[in-house]
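Residue-level listing of the chains:
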Amino acid sequence: MVSSQALEEFWKFPKFGDGIGFHRLFLLLEALDALSWLEQFSTIKVTGSNGKGSTCAFISEILHAGGWNVGLFISPHLFRFHERISINGESISEKALQKILSQVIAGAKELKNEKFGRFELSVALAIKYFQEQKAEIGVIEVGIGGRFDSTRIFRGPVTVLTSLDLEHTDLLGSTKEAIGYEKLDLADPNSKVVLGNLPAELIPKLKAYGKLNNLHLRSVMEIVDGKILSESATKLICSFEHS
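The residue count restarts for each chain, going from 1 along the sequence in the order it is written. Restriction of local features to residues with pLDDT of at least 70 applies here, the model being predicted, together with a cutoff of 80 or more for giving and counting side-chain atom pairs; totals for whole chains, interfaces and linings are based on all residues. Heavy atoms from the whole structure form the basis of all side-chain values; hydrogens and water molecules are not counted.

**Q** Run through the overall build of the chain, naming residues and quoting values.
**A** Secondary structure summary: the chain contains 11 helices and 8 strands in total. In this description, contact between two residues means that some pair of their heavy atoms is separated by no more than 4.5 Å. Taking the contacts inside the chain whose residues are at least 6 apart along the sequence as the reference set, 75% of them involve residues at least 24 apart. Summing over all exposed atoms, the chain offers an accessible surface of approximately 11,700 Å²; the carbon and sulfur share of this is 53%. Note on conventions: DSSP H or I runs of at least 4 residues are helices, E runs of at least 2 residues are strands, and numbering of each starts at the N terminus. We get accessible surface area from the Shrake-Rupley algorithm with a probe of 1.4 Å; when it comes to residues, only the shown protein chains can shield them.

In structure tokens form, the structure reads like this:
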């Protein structure tokens, strides 16, 4: 199966699998011998209604400049599927995509009682590639961004919530407050959450909700006194690590 054939097979899968698919994603990663590695892999997850992709690119570049071997996962892509998965700014190669995507699809088909979606397969592909490339940290753009998003399988000390708007209300809730709660559920317990330029009235509500999982929430606006600076998110992340 060459890369074009692998991608052709990939696009035959539905966008999403049946129901909540964490169990089948764990099974697939175990079959790919990547589950144990993932449990030790640290990430920064980026969620929000807008600004996720640019924020991911910014954080990834900062981390790489600091000497990290950085894996970046985004979705969707602009021009080529390969853009979704990169290491230090370089997209996955045709050869690697051919090999790993074929393995992922074969593994999914072996689990005959499970119905995978394309997003789950993309997540598995990224994890296996990061493992092979010995990525030290990952920057992950989430999907829809609720508690059932496949990217919740990634662990890490920091989650970024860029913005909130009324989106996917059938899945996430009918108000910005409810959607914010859903997106906070992506964060690991006892971790930090960076809040973007959100409506001021939502901040105390989100902070109160975050306490249920012992989340430490800080807003970029608290750091820059109401002015949005290009490096504010990265300064905030660094301040978490040294607080």
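**Q** So what about the packing of aromatic side chains? Which residues, and what values?
**A** The relation between two aromatic rings is expressed through the spacing of the ring centres and the mutual angle of the planes. Between rings of Phe, Tyr and Trp, where Trp is taken as its six-membered ring, a pair exists when centres lie within 6.5 Å; planes separated by under 30 degrees are stacked, by over 60 edge-to-face, and by other angles tilted. Evaluated as defined, the whole model comprises 7 aromatic pairs. Taking 6.2 Å as the distance between ring centres and 85° as the angle between the ring planes, the aromatic pair formed by Trp11 and Phe81 counts as edge-to-face. Pair noted here: Trp11 is in the loop between helix H1 (3-10) and helix H2 (22-31) and Phe81 is in the loop between strand S2 (70-73) and strand S3 (85-87), with a separation of 70 residues, a long-range link. Each residue is placed in one exposure class: buried if its accessible area under a 1.4 Å probe, protein chains only, is under 20% of its type's maximum, exposed if it is over 50%, and partly exposed if it falls in between. Classification of Phe81 as buried rests on a relative accessible area of 6%. A centroid spacing of 4.5 Å and a plane angle of 25° characterise the contact between Trp37 and Phe41, whose relative ring orientation is stacked. Of the residues examined, Trp37 reaches a relative accessible area of 22% and is grouped as partly exposed. Note on Phe41: relative accessible area 4%, which makes it buried. In textbook terms, an aromatic cluster arises when at least three aromatic residues are bridged by ring pairs, as seen for Phe10, Trp11 and Phe81.

**Q** Got a sec to walk through the pattern of salt bridges? Specific residues and values, please.
**A** One side-chain nitrogen of Lys or Arg within 4 Å of one carboxyl oxygen of Asp or Glu is enough to make a salt bridge. Taken as a whole and judged by the stated rule, the model has 8 salt bridges. In this structure, Arg24 engages Glu120 in a salt bridge whose closest nitrogen and oxygen atoms are separated by 2.9 Å. Highlighted residues: Arg24 in helix H2 and Glu120 in helix H6 (residues 118-132), separated in sequence by 96 residues. Judged on exposure class, the residue Arg24 and its partner Glu120 are both buried. Two residues, Glu177 and Lys205, come together in a salt bridge whose shortest N-O distance is 3.6 Å. Of the two residues, Glu177 sits in helix H8 (residues 176-184) while Lys205 sits in helix H9 (residues 203-210), which places them 28 residues apart along the sequence. When its relative accessible area of 28% is taken as the criterion, Glu177 is described as partly exposed. Exposure remark for Lys205: the relative accessible area of 39% places this residue in the partly exposed category. Each of Glu9, Lys12 and Lys109 takes part in salt bridges that share partners, so that together they form one network.

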